[in-house]
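Spelled out, the chains give:
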Amino acid sequence: MAGLVQKNRRATLERVEKFVSPVYFRAVNLRGRLFGASCPIESLSYFLTQSRIPYEKAVKGNFTAAKVGDSFGPTWWTSWFKVTFTIPQEWKGKEVHFVWESDGEAMVWNNSSPVQGLAKEGEKISYILSENLTDEEPHSLELYVELACNGLFGAGQGSMIAPPDPQRKFTLHKAELVVFNRDVHELLIDFEILSDMAKFLGTENQRSYQALYTANKMVNACDVADPNTFAEVHRIANAFLQQKNGESQHVVHAMGHCHIDTAWLWPYEETIRKCARSWVSALRLIEKNPNFIFTCSQAQQLEWVKSWYPGLYAQIQEYAQKGQFIVVGGTWVEMDGNLPSGESMVRQFLQGQRFFQQEFGKHCSEFWLPDTFGYSAQLPQIMKGCSITRFLTQKLSWNLVNEFPHHTFFWEGIDGSRVLSHFPPGNSYGMKCKVEELLNTVKNNKDKGRVNHSAFLFGFGDGGGGPTQDMLDRLQRMQNTDGLPRVELSTPETFFSMLEADTTMLCTWVGELFLELHNGSYTSQAKIKKGNRKCECILRSIEIVSSLAAVQKDGFQYPSSQLQQLWRLLLLNQFHDVLPGTCIQSVVEDAVKYYEEIQSNGDELLKEAIQCLLGGCVLETGRNIHVLNTLSWERTEVISMPRLEGEEVLALVKVPSVGFATVTSPLVPPHPVIVTLQEGGSVTMENGILRVEFDSLGRVISLLHLRYKRETLPEGSYGNQLVLFDDIPLYWDAWDVMDYHLETRKPISQVLQPLEIVCPGGVRGSIRHSIRISETSRIRQEIILDACSPYVKFKTEVEWHEAHKFLKVEFPTTVHSANATYEIQFGHLQRPTHRNTSWDWARFEVWGHKWADLSEHGFGVALLNDCKYGYSVHQNIMTLSLLRSPKSPDATADMGQHQFTYAIMPHTG
């Protein structure tokens, strides 16, 4: 009788791991027995197409012979394959798989229907032809495989976030029939669970040793060449895994998920196919696993699948009715959480909830936003206004400096609205259902003892893919095993209901959820930022004027459907990798195209509404001009007024709030603008409210508020100081700007064109100058002071051809305040101007909308802009971020010409 061998813990653990290794000793270990007999396919043919075409068109293509080992491309093309094969008769009673292993993402089509998504990166390489082959099943088949010439994460050249390699080829590594040994698969899962428990429970836990010795015993009992031994090995594993937990054990609510970025390292069009590949795979899992629950967000993606894959969409609706395919989130897309306007955020919920109600008969009760770059303090109020009381996200686990102190808590917005919030403590929305992940879900949970429930989102994400059968098999074994948390296949409704059952111990976080990373995304891709702001403004104007026309004119038809279409385009572009500017070049091109479409169609809708409101007349009638003000306060401003002769003249006009004024003659300003050229080339402009002096570089050397008799600039400092920084982040190029960039400040001071007077005064004074940034980049500005205007405008044109540089403009002030105020959605937010704590200095670059303000009692200074979002107010210096120049994932980001305007406004009060 053999004696018991005393083995080293590490050696025992490695023995178990090598027994199931996909790399080592496959010829003699258990992993090498996963597939039994194999059979080559009979024929393989293909054709390439540059466009993404429907199945009906693809099957009529001109197919030519192909073979395993061939490569296909280039990037973003599609290769359609026709595959024919015959299953051997002797495989009767076997589980038969069609194995397809290629570099690109693929979809299997059978009988004109999509049946399985395949992606090597997503651990899906086979389509199950039969679970138990019978004589009645067809043995000869013809399948089509649609191969996208891109990977799960695009086609970056050298690294994931690098710009796509346009000439990359994608190789077919395997296409064959195999017998799948299900009993071997089951044992592999058993071994994986036990070896991971031995490894991750730790040497201080006796259960770790029990798992290790059980796994070792299984190796001894298993003869890989004799399947008759497998049942006993499985019995040993079951005896261990069926030892139950105590009643107080933490409950992990596992939900299948597949986060799909609506665009990122691939264009919008490819996302449509990613959705189909991922969701058809989820349906196959639902069919095999009756308890499997799949959660799915983003109405836009479902609307795409409805249009492109109606058969698949009908199946999705069927499983949604059964409660297994669960739509979540309530928004059109998973939008950026900072930059959209308040109205845009409301529309995200309005359009999303309307779609889910119409298509699925469901109103979502949770806001689902796992992956975005921070969360506005206004969101709780908007959520509550849209009947959403629950919030799930994950991204704050990426904080670079401070660790967020909660995983389950109440989040309170700027009006006092509170929503129940949860961050999955495993710090991922793409879990693989491993022992280590379950243990970390409990270990990391910062609210242990306050709550006894955590969410666990499993499935390949970002690029799609979703859950796999292996993940479900692991969960099945770990549902209630001593030493591990209790696991339940759950739903968002069940999970949040359990949290809501007792919230007495929960803490509250007040204000924004600021992500201490990715704050370069407030500035990257300036064209997208400008398009977003302009389109938000025009859609608001259209709706106001159309509403006025609808209530005042019987014949006017409010353009509901046209506006919904334009809003949905804008909401699409607010996805959290598009509006932040962290996407590839082709996505930027699509986004700009959509902005142009919104502007063009919006201009027509606005014109029609105005003409109807004015009784069919145009804005100009004879020598009278009709001026429209869509804002909610009366405005007295200088405008450029057209004349019948074709010329334009500047005129001061007063227009009531949300209304028209008919201008028969311009107003005479109570104090005309006076422009004075001083000795030495400096220029002074004054309008009775402000007196501002500029040096020859266009810098402000004095800004006096005349009515308050207050100088805004400290002595010896410069306002409108344009500065350049080195901008080299640690990795996430378009996403991040690091605090150390502030150490590289370089004022721009090389004159190209000295200051000159453009408008000498009256209703407007303006001056012009230009400066050199580098040999290839330059700035040209017209600085404007209008009659009756409380601010100075800087109308700026930039020719920008830099690499890893950051352009900003600074305005030092004489204001001293511990906090600065920033416009956010439907309100404002204060942030510190000091860096007392790590939480303060982590906000060295922050976001805001149209203005930031630094005020002390009775006086302040506001910094305004027409299309920028990045700010910094440190001590008394206000800074607006203008342009970045990252090279990944878009090597051309922000290169070329830019036009934007900012303004400085001293004020009382």
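Scope of this entry: the structure provided in the associated data block. Note that this is a predicted model, so its numbers are computed, not measured.

1. Thoughts on the overall build of the chain
Next, step 1: Secondary structure assignment for the chain yields 17 helices and 46 strands.
Next, step 2: Against the 2.2 N^0.38 benchmark of 29 Å for 909 residues, the chain shows a C-alpha radius of gyration of 32 Å, consistent with a compact globule.
Next, step 3: Principal-axis analysis of the C-alpha atoms places the extent of the chain at approximately 110 × 65 × 55 Å.
Next, step 4: For the chain, the residues scored as buried account for 58% of the 909 residues in total.
Next, step 5: Looking at the chain as shown, the accessible area adds up to about 35,400 Å², and 50% of this sits on carbon and sulfur atoms.

2. Considerations on the pattern of salt bridges
Next, step 1: In total, this model carries 48 salt bridges according to the counting rule given.
Next, step 2: The residue D70 makes a salt bridge to K67 at a minimum N-O spacing of 3.0 Å.
Next, step 3: Note on K67: relative accessible area 52%, which makes it exposed.
Next, step 4: Across the pair E232 and R235 runs a salt bridge whose closest N-O atoms are separated by 2.8 Å. Note that E232 and R235 are positioned in helix α5 (residues 230-241) at a spacing of 3 residues, about one turn of the helix.
Next, step 5: Judged by its relative accessible area of 36%, E232 is partly exposed.

3. Comments concerning the sheet that holds strand β45 (residues 877-883)
Next, step 1: Taken in spatial order, the 6 strands line up as β33-β32-β38-β45-β44-β41 in an open sheet, and their pairing is antiparallel. Here the strands that pair on one side only, and so sit at the sheet edges, are β33 (746-747) and β41 (846-847).

4. Remarks on the packing of helix α15 (residues 560-572) against helix α16 (residues 585-613)
Next, step 1: Look at α15 against α16: their axes get within 10 Å of each other, and the N-to-C directions meet at 155°. By the angle class used here, α15 and α16 are roughly antiparallel. Remark: the crossing between α15 and α16 carries left-handed chirality. Seen from α15, the contacting residues are Q562, Q565, L566, L569, L570 and L572; seen from α16, they are Y594, Y595, E597, I598, N601, G602 and L605.
Next, step 2: Each residue belonging to the contact of α15 with α16 can be placed in one class, and the counts come to 8 nonpolar, 4 polar and 1 charged.

5. Considerations on the pairing of strand β9 (residues 126-130)
Next, step 1: In terms of burial, β9 is largely enclosed, as 4 of its 5 residues are buried.
Next, step 2: Relative to β9, strand β6 (residues 95-102) is paired through 4 bridges, and the arrangement is antiparallel. In the strand pairing of β9, H97 is matched with I128.

6. Details of unusual backbone geometry
Glycine aside, residues mostly have negative phi, and peptide bonds are mostly found in the trans state.
Next, step 1: Of note, the bond from G73 into P74 is cis; its omega dihedral lies within 30 degrees of zero at 10°.
Next, step 2: For P74, the position within the fold is in the loop between β4 (71-72) and β5 (78-86).
Next, step 3: Here the bond from S888 into P889 is cis, since omega is 5°, no more than 30 degrees from zero.
Next, step 4: For P889, the location among the structural elements is in the loop between β45 and β46 (896-908).
Next, step 5: With a phi angle near 55°, N720 is a residue other than glycine that sits in the positive phi range.
Next, step 6: Secondary-structure assignment places N720 in the loop between β31 (710-711) and β32 (721-726).

7. Comments concerning the side chain of R710
Next, step 1: On the secondary structure map, R710 appears in strand β31.
Next, step 2: R710 gets classed as buried once you look at its relative accessible area, which sits at 18%.
Next, step 3: Of note is the side chain of R710, whose polar atom sits 3.0 Å from the side chain of E856.
Next, step 4: If near-sequence neighbours (up to four positions away) are discounted, R710 is found in contact with L703, L704, H705, T814, V815, E856 and F859.

8. Side note on the nonpolar core
Next, step 1: Core analysis: the biggest nonpolar cluster contains 207 residues, and L30, W279, L302, F458, F694 and V792 have the highest contact counts within it.
Next, step 2: When residues of this core are assigned to their parent elements, the largest contribution, 11 residues, is made by α16.
Next, step 3: Among residues more than four places away in sequence, those in contact with W279 are I260, F294, C296, Q301, L302, V305, I316 and F325.
Next, step 4: Within the second largest apolar cluster, 28 residues are counted, among which are W91, L143, L147 and L172.

9. Quick word on the environment of L882
Next, step 1: Structurally, the position occupied by L882 is in strand β45.
Next, step 2: Its relative accessible area of 1% is what places L882 among the buried residues.
Next, step 3: As a C-alpha pair, L882 and C867 span 15 residues in sequence and 9.3 Å in three-dimensional space.
Next, step 4: Apart from the residues within four sequence positions on either side, L882 is in contact with T523, L722, L807, K808, V809, K868, F900 and Y902.

10. Considering a nonpolar patch on the surface
Next, step 1: The grouping of V23, Y24, F25 and V28 at the surface amounts to a nonpolar patch, some 460 Å² of accessible area in total.
Next, step 2: Secondary-structure assignment places V23 in the loop between α1 (9-19) and β1 (35-40).

11. Considerations on the pairing of β6
Next, step 1: The buried fraction of β6 is high, at 7 of 8 residues.
Next, step 2: With 8 bridges connecting them, β6 and strand β11 (residues 170-180) associate as antiparallel partners. The partner of E95 across the bridge, within β11, is F180.

12. Section: the state of the cysteines
In protein structure, a disulfide is the covalent linkage between the sulfur atoms of two cysteines.
Next, step 1: Tallied over the full model, the rule gives 0 disulfides.
Next, step 2: For the unlinked cysteine C296, the closest cysteine sulfur is that of C275, found at 7.2 Å.
Next, step 3: Here C583 is not disulfide-linked; the sulfur of C535 is the nearest cysteine sulfur, at 16 Å.
Next, step 4: C583 sits in the buried class, given a relative accessible area of 0%.

13. Focus on the sheet that holds strand β18 (residues 418-422)
Next, step 1: Ordered by their spatial adjacency, 5 strands build an open sheet running β15-β16-β18-β17-β21, and the pairing between neighbours is mixed. Strands with a single pairing partner mark the edges of an open sheet, and in this sheet they are β15 (366-368) and β21 (508-510). On average, adjacent strands in this sheet sit at an angle of 30° to one another, irrespective of strand direction.
Next, step 2: Sheet topology note: the strand β17 (residues 408-412)/β21 ladder contains 3 bridges and is parallel. Residue pairing for β21: W411 is matched across the bridge by W509.
Next, step 3: Packed on one face of the sheet, helix α13 (residues 492-500) meets β15, β16 (390-392), β17 and β18 and runs near 115° to β16.

About the thresholds
- Residues numbered from 1 in each chain as written.
- Predicted model: local features only at pLDDT ≥ 70, side-chain atom pairs only at ≥ 80, totals over all residues.
- Heavy atoms only, no water.
- Helix = DSSP H or I, 4+ residues; strand = E, 2+ residues; numbered from the N terminus.
- Rg over C-alpha atoms; globule rule 2.2 N^0.38 Å.
- Buried < 20%, exposed > 50% of the residue type's maximum accessible area, 1.4 Å probe, protein only.
- Areas by Shrake-Rupley, 256 points an atom, 1.4 Å probe, with all protein chains shown as cover.
- Salt bridge = Lys/Arg side-chain N within 4 Å of Asp/Glu carboxyl O.
- Pairing = 2+ DSSP bridges.
- Axes fitted to C-alpha atoms, helices over the stretch in contact; angles between N-to-C directions.
- Parallel < 35°, antiparallel > 145°, perpendicular 65-115°, else oblique.
- Left-handed = near helix turned anticlockwise from the far one by under 90°.
- Contact = heavy atoms within 4.5 Å.
- Nonpolar A, V, L, I, M, F, W, Y, C, P; charged D, E, K, R; others polar.
- Polar contact = N/O pair within 3.5 Å; in protein donor to acceptor, adjacent residues only side chain to side chain.
- Core = buried A, V, L, I, M, F, W, Y, C linked by side-chain atoms within 4.5 Å.
- Patch = residues over 30% accessible without salt bridge, like charges linked within 9 Å, V, L, I, M, F, W, Y side chains within 5 Å.
- Disulfide = S-S within 2.5 Å.

Fair warning: the whole summary comes from geometry, so function is off the table for now.
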